[in-house]
There are 2 protein chains.
Amino acid sequence: MKKLVDEKALQQPHDHQLCMTQTLLSAEKICMDQGARLTAIRRRILELVCSSHKAIGAYELLDLFREEDTKAKPVTIYRALDFLIDVGLVHKIESLNAFIGCLQAEKKHQSVILICDDCKNAYELDAAPVYQSVFEMGKKIQFTPRSLTIELHGLCASCA
Amino acid sequence: MKKLVDEKALQQPHDHQLCMTQTLLSAEKICMDQGARLTAIRRRILELVCSSHKAIGAYELLDLFREEDTKAKPVTIYRALDFLIDVGLVHKIESLNAFIGCLQAEKKHQSVILICDDCKNAYELDAAPVYQSVFEMGKKIQFTPRSLTIELHGLCASCA
DNA sequence: TACATAATGTAATAATATAACATTACATTA
DNA sequence: TAATGTAATGTTATATTATTACATTATGTA
Ligand SMILES: [Zn+2]
Ligand SMILES: [Zn+2]
Ligand SMILES: [Zn+2]
Ligand SMILES: [Zn+2]
């Protein structure tokens, strides 16, 4: 059960500017590699999503984005999010209808998301073995897997 | 990886009336045991949710329910669903904003839901070992688990 | 330049879910 | 059985999340 990043560190005060910088660099690289365009809007939405490790909703993002672009509309945000999700820079948390930035977007990975119901911080852990065992279960009923969502709600160390 | 029910059978034509009958009996028993009231509305919503193995949305339920009670409102449905979810007779599929009936509500169980993106049939498998391994992951970062969602999208045997 | 494609602008609306408060039904027990 | 408290439902309104449709603009390529 290899960890993607040091999640314990994320729960502590840390140099979050570094998280941001690295994510933006990843974004550049990923888009370059895929021939995708990291436009100003998309970059800005990514920055906003990644501005903390808390899950953030589309309309919260809209409010923030509007501080700079007063005429932005919901679809502006959803389009950017769709793009960022497609290229793997953002994950949607289905059980919250909210979004988090991915800290390991450059690597192919399968994640379990741990969501603190108190502070809303979301920690993404690598879950290849878990994924494997769910896929195996599927096989037994001839189910062809496409995408897996694993979300654990609870309380983080700080909030317990 | 014990199976809750014979999911292969669910994918085949089967005596679905039996599914319904058993679910309703479970509902009676569960409510009796918990001192909860299975009112006419709740029972009817449960029947509608369980009328197939396909995930169904709240507003689809509302449309169906309105065929008998023309003045029903969304909140009527959501209240009934909240109740049915609380007592374990219905599960919400977070990634679809839709609902399915539970075929094993009397047993305490932890489930993985396999959702066919084509026919929308949803199969609930028992997943205690998977749950255990996710909980273990959480422990490593002192995360106190509360509830776990595991949803696998793909294609069922019939639709692949 | 001309063209094709991708991205964005803009307006409207769809789809999902909850809040607030009034009323009715039900169970308990005085 | 009447009084009381609680649970369930009725009713209206509104909040929240997300998409459709079509026009316009930007970007890359022939
Ligand atoms: Zn950080
Ligand atoms: Zn990720
Ligand atoms: Zn059936
Ligand atoms: Zn179940």
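So, here's what we can say about the structure. The residue count restarts for each chain, going from 1 along the sequence in the order it is written. Ligands are numbered from 1 and chains lettered from A, in the order in which they are written. Note on the predicted model: pLDDT of at least 70 is required for a residue's local features to be given, and 80 or more for side-chain atom pairs to be given and counted; whole-chain, interface and lining totals, by contrast, use all residues. To get the side-chain values, take all heavy atoms of the structure and skip hydrogens and water.

This part is about the overall build of chain A. In this description a helix means any DSSP run of H or I spanning at least four residues, a strand means any run of E spanning at least two, and both kinds are numbered starting from the N terminus. Summing up its helical and strand segments, chain A has six helices and five strands in all. Secondary structure elements of chain A, listed N to C terminal, follow the sequence α-α-α-α-α-β-β-β-β-α-β. Oriented by its inertia axes, the alpha-carbon framework of chain A measures out at about 50 × 40 × 25 Å. Here the contacts in chain A between residues at least 6 apart in sequence split such that 54% fall between residues at least 24 apart. The method behind every accessible area is Shrake-Rupley, applied with a 1.4 Å probe, and residues are considered shielded solely by the protein chains displayed. Surface accessibility of chain A: about 8000 Å² in total, with carbon and sulfur atoms responsible for 53%. Here chain A carries 20 positive and 21 negative side-chain charges, and the mean point of each set is 5 Å from the other. When checking whether two residues touch, look at their non-hydrogen atoms; a contact exists if any pair is within 4.5 Å. All tallies of charge rest on Lys and Arg as positive and Asp and Glu as negative; His and the ends of each chain are not included. Where a charge lies is defined by one atom per residue type, namely NZ (Lys), CZ (Arg), CG (Asp) and CD (Glu).

So, on to the coordination of the zinc ion (ligand 4). All names here are of chain B. At this site the zinc ion (ligand 4) is bound by His91 (NE2), Cys102 (SG), His109 (NE2), Glu124 (OE) and Glu124 (OE), with donor distances of 1.8 to 2.7 Å. Spacing between the donor residues of the zinc ion (ligand 4) along their common chain follows H-x10-C-x6-H-x14-E. Placement of the pair is His91 in strand S1 (residues 90–93) and His109 in the loop between strand S2 (98–101) and strand S3 (111–116), with a sequence separation of 18 residues. Note: metal donors comprise N, O and S atoms at 2.8 Å or less from the metal (3.2 Å for Na, K and Ca); water molecules are not included, so apparent gaps in a site are possible.

Okay, the coordination of the zinc ion (ligand 2) next. Within the protein, the zinc ion (ligand 2) binds to A:His91 (NE2), A:Cys102 (SG), A:His109 (NE2), A:Glu124 (OE) and A:Glu124 (OE); these donor distances fall in the range 1.9 to 2.8 Å. For the zinc ion (ligand 2), all donor residues lie on one chain, and their spacing in sequence is H-x10-C-x6-H-x14-E.

Attention now moves to unusual backbone geometry. With phi around 55°, A:Gln142 is a residue other than glycine that occupies positive phi space. Positive phi, close to 70°, is recorded for B:Lys120, a residue that is not glycine. Mapped onto the fold, B:Lys120 is located in the loop between S3 and strand S4 (122–126).

If even one non-hydrogen atom of a residue comes within 4 Å of a molecule or strand, that residue is called near it. If you check the shell around DNA strand D, you find 15 residues, and the closest are A:Tyr59, A:Tyr78, A:Lys92, B:Thr39 and B:Arg79. Per the 4 Å cut-off to the protein, sugar and phosphate atoms form 47% of the nearby atoms of DNA strand D. What qualifies as a polar contact is a pair of N or O atoms within 3.5 Å, subject to a donor-acceptor requirement within protein and to the restriction that residues adjacent in sequence count only when both atoms come from side chains. Here A:Asn97 contributes a side-chain N or O atom positioned 3.3 Å from a phosphate oxygen of DNA strand D. Elements that contribute at least two residues to the surface near DNA strand D include exactly helix H5 (74–86) of chain A together with helix H3 (40–49) and helix H5 (74–86) of chain B. No other element matches H5(A), which puts three residues into the surface near DNA strand D. For this classification, the nonpolar set comprises Ala, Val, Leu, Ile, Met, Phe, Trp, Tyr, Cys and Pro, the charged set comprises Asp, Glu, Lys and Arg, and every other residue, Gly included, is treated as polar. Residues of the surface near DNA strand D, tallied by class, amount to five nonpolar, two polar and eight charged.

Near DNA strand C lie 15 residues; those nearest to it are A:Thr39, A:Arg79, B:Tyr59, B:Tyr78 and B:Lys92. In the interface set of DNA strand C, defined as its atoms within 4 Å of the protein, sugar plus phosphate atoms amount to 48%. At a separation of 2.6 Å, a phosphate oxygen of DNA strand C approaches a polar side-chain atom of A:Thr39. Within the side chain of B:Lys92, one N or O atom sits 2.6 Å away from a phosphate oxygen of DNA strand C.

For the rest of this paragraph, the subject is the side chain of B:Glu151. Within the secondary structure, B:Glu151 sits in strand S5 (residues 144–155). To sort residues, take the accessible area from a 1.4 Å probe on protein chains only and compare it with the maximum for the residue type: under 20% means buried, over 50% means exposed, and anything in between is partly exposed. A pairing counts as a salt bridge when a side-chain nitrogen of Lys or Arg comes within 4 Å of a carboxyl oxygen of Asp or Glu. Notably, B:Glu151 is buried but unbridged: the nearest opposite-charge side chain belongs to B:Lys92, and the N-O separation is 8.8 Å. Within the structure, the side chain of B:Glu151 is placed 2.7 Å from the backbone nitrogen of B:Glu94, a separation counted as a polar contact. In terms of polar contacts, B:Glu151 uses its side chain to reach the side chain of B:Ser95, at 2.4 Å. Leaving out residues up to four positions away in the same chain, B:Glu151 has contacts with A:Ser147, A:Leu148, A:Thr149, B:Lys92, B:Ile93, B:Glu94, B:Ser95, B:Ile113 and B:Ile115.

Strands qualify as paired when DSSP identifies two bridges or more between them. Strand order in the open sheet made by the six strands is S4(A)-S3(A)-S5(A)-S5(B)-S3(B)-S4(B), with mixed pairing throughout. The open sheet terminates on both sides in strands that have one partner only, identified here as strand S4 (122–126) of chain A together with S4 of chain B. Strand-to-strand, the axes of this sheet are offset by a mean angle of 20°, without reference to chain direction. Where strand S5 (residues 144–155) of chain A meets S5(B), 11 bridges bridge the pair, whose relative direction is antiparallel. Along S5(B), the bridge assignment pairs A:Glu151 with B:Thr149. Together, strand S3 (111–116), S4 and S5 of chain A together with S3, S4 and S5 of chain B form the strand contacts of helix H6 (residues 128–140) of chain A, whose direction differs from that of S5(A) by roughly 130°. Lines fitted to the C-alpha atoms define the axes, with helices restricted to the stretch that makes contact. Angles between their N-to-C directions range from 0 to 180 degrees.

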